[in-house]
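Structural overview for review
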Amino acid sequence: MATTLFNQWVIHSGPRIRLTATTDYYRDGAYMYYRINTYIHNLDYSQSWYGWYLDMAVYIDGQYMGTTRLKQNKPIRWSGISNSTPYYAVKRVSGNAHIKIVLTSNKPRYGQRVWESGGALPAPPLSTAGLLTLKDITESGMIVEISGLPTGYEKELRFWHKAKGEAWNHIGNKTVSNSSRDCSMAFNDLMSNTDYEISVEEFVDGYKITSFDSVITLPSAKGELTTTTTESELIAVEEVNSNISYARTLEWYIRPAGAGNFQYMGEDELPAGVSTKARKFEKLTTGCRYDVRTLIKRKDTVLKETIVSDSLKPSSAVIKAESDTYSSIQVNVSHMVNTGWERTIKAKYKAAQESEYREESVTTGSESVVINLKNLKAFTDYEVVVEIYRDSQVIKSWAETIKTREMGFVAIPVIKSIESIIRTKDAVINWLVNDDRNEMSYDIEYKIGEREWTRLVTTKYKPKLTITLPSGNTEYLIRIKGCATDSTKVSYSLAVPVYTYHRFEYDSVVNAQNEIALTSTEVNRLIRFINKKVGSSLMFIEEGESITLDKHNELRRTLALSTIPNGDIKAVDWISLKNKVNEG
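Scope of this entry: the structure provided in the associated data block. (Residues numbered from 1 in each chain as written. Predicted model: local features only at pLDDT ≥ 70, side-chain atom pairs only at ≥ 80, totals over all residues. Heavy atoms only, no water.)

Points about the overall build of the protein
Condition: Runs of H or I in DSSP of at least four residues are treated as helices and runs of E of at least two as strands, each being numbered from the N terminus. Residue contacts follow a heavy-atom distance rule, with two residues in contact if any of their heavy atoms lie within 4.5 Å. Only the protein chains shown count as covering a residue, and every accessible area follows the Shrake-Rupley method with a 1.4 Å probe.
If you tally the helices and strands in the protein, you get three helices and 40 strands. For the protein, long-range pairs separated by at least 24 residues make up 59% of all intrachain contacts whose partners lie at least 6 apart in sequence. Here the protein displays about 30400 Å² of accessible surface, and carbon together with sulfur accounts for 45% of that area.

Observations regarding the packing of aromatic side chains
Note the following rule: The aromatic pairing rule takes the rings of Phe, Tyr and Trp, using the six-membered ring of Trp, and pairs them if the centres are within 6.5 Å, calling planes under 30 degrees apart stacked, those over 60 edge-to-face and the rest tilted. We call a charge positioned over a ring when the NZ of a Lys or the CZ of an Arg lies within 6 Å of the ring centre and within 35 degrees of the ring normal.
Scanning the entire structure with this criterion turns up 12 aromatic pairs. Linked through ring pairs, Y499, Y501, F504, Y506 and F529 together constitute an aromatic cluster. Sitting above the plane of the Y357 ring, K348 keeps its charged end 5.5 Å from the centroid. The residue whose ring lies beneath R528 is Y499, and the NZ or CZ to ring-centre distance is 4.7 Å.

Description of the pattern of salt bridges
In plain terms, the rule: The term salt bridge refers to a side-chain nitrogen of Lys or Arg lying within 4 Å of a carboxyl oxygen of Asp or Glu. Buried means the residue's accessible area, taken with a 1.4 Å probe over protein chains only, is under 20% of the maximum for its type, while exposed means over 50%, and partly exposed covers the values in between.
As enumerated under the stated definition, the model contains 19 salt bridges in all. A salt bridge links E505 to K578; the shortest N-O distance between them is 3.7 Å. Of the two residues, E505 sits in the loop between β40 (496-499) and α1 (520-534) while K578 sits in helix α3 (residues 571-581), which places them 73 residues apart along the sequence. With a relative accessible area of 16%, K578 lands in the buried category. With a closest N to O distance of 3.2 Å, K580 and E583 form a salt bridge. Exposure remark for K580: the relative accessible area of 23% places this residue in the partly exposed category. Owing to a relative accessible area of 41%, E583 belongs among the partly exposed residues under this scheme.

Re the pairing of strand β31 (residues 381-390)
Here is the rule we go by: Any two strands with at least two DSSP-identified bridges between them are counted as paired.
In terms of burial, β31 is a largely internal element, eight of the 10 residues being buried. Pairing of strand β28 (residues 343-351) with β31, which is carried by eight bridges, proceeds in the antiparallel orientation. Bridge pairing in β31 places A351 opposite Y382. Here β31 folds back onto strand β32 (residues 393-403), and the loop between the two strands holds two residues, one of which, D391, carries a positive phi near 55 degrees.

Put into structure tokens, the structure is as follows:
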């Protein structure tokens, strides 16, 4: 580029010389190059110019750059002579350059003339090329990288950051060589989860060329909380970022899950390089759920809050109960872990027919305990409920039905006599029982011939008992079975026969000739009825034996009937005996 500096006559007291001065210039990196071009023209040829010359001194921004002789001492005439200075390099980033020219003649009478440029020479701006990139971002810092910078001159980069609401903080400067296009700076010791403004200023020779700006929110601080539990302890482990240069603190809190405020449990230091911290919470309640809270702090600023929930292991206590006697049950609680606090073990119990529980309890810190439940009924089912408490909190519950042991003896019934009641199916049992007690009951059983025994009725003991058998005119064996609610054992009386005299009937029938053929079995049954009715002791006949008139009349006399003097025994005679037996 070229610019005219001046165009005028420069010497007035001597030979006039018209001098035109121009410049051309260009930028190379941070340097501007200026050259002064002069042209002498319109000389007065009537003058003698022999031995005459001009020296031109050049100053740029007040700095002397050099001198050029415009005309050397030669015995010639000259006109339209041009001359140029060399290029002068000026390290100028921006703004305008001021050029001053001082002309000095070798003819003292002409003196010295000074011209300064009337205008300013511009310095074209430097390139603002470049790209800001944020890399390797962590909770406490990042790498700020500037890439794509122009080459050819040295640059200085100044790095800054500012948290929201705070002043700018200068991180440092870096010099970028004339051949380098990239530069980076580590930003450390920043606060996690915080908004930051990032600025990188580019300076050349003290002049600000441009700035590269960005914003970022740093990620939250690493805080991974894990827990493990036993029956009374919770061990919490916090894993944090160890690659942090500043010190932090870790505060611990705990509460029953979902409860109100957390309870502060202390704090640990987190110096640089530490990756984990653990805390044991002791004397907690077995089986309960807890919330654990941690705060990672830098001074008074919370970097990370974490809350996790976990349940303690259920109680490993082993609860057993068994009847050790017929009137007691022993409850055994064992394998209780040493929790550091006392437990209360409550044993509640009641029989099925009872409406309210009775209770026994004991408080202990030991690993096992025995509770005896006494004054119970023998051979009885008891509902036993065992609960283990910490204060009012139930940490284990157990329930089972336990039967007390049976008694060692069962009373034995004895049948003294059985009397049937004629014209009914009833019989009266006279019997006795030694050592009868409330827990005893008695089954009246019967059977016919070789059949199985059948229970007729269950009763409490009474000395005389009337029973009704299923059928009349039947011979039964009767026995009494003794049972106890507090024993599996049973007792039996001896079997005693009884015949039911309900209503007498012949098996044979009267034929068309008004005759009846009775068997010895039918006759003997009739004799049994007669003996029962009048208390006689008539003898039975042998099987197959014929019935004589004397035997028949013996039966009639016993029933107070008139005898048959002679002749055959007719059907009507046997019917009269039957009717007499059934009278009443």
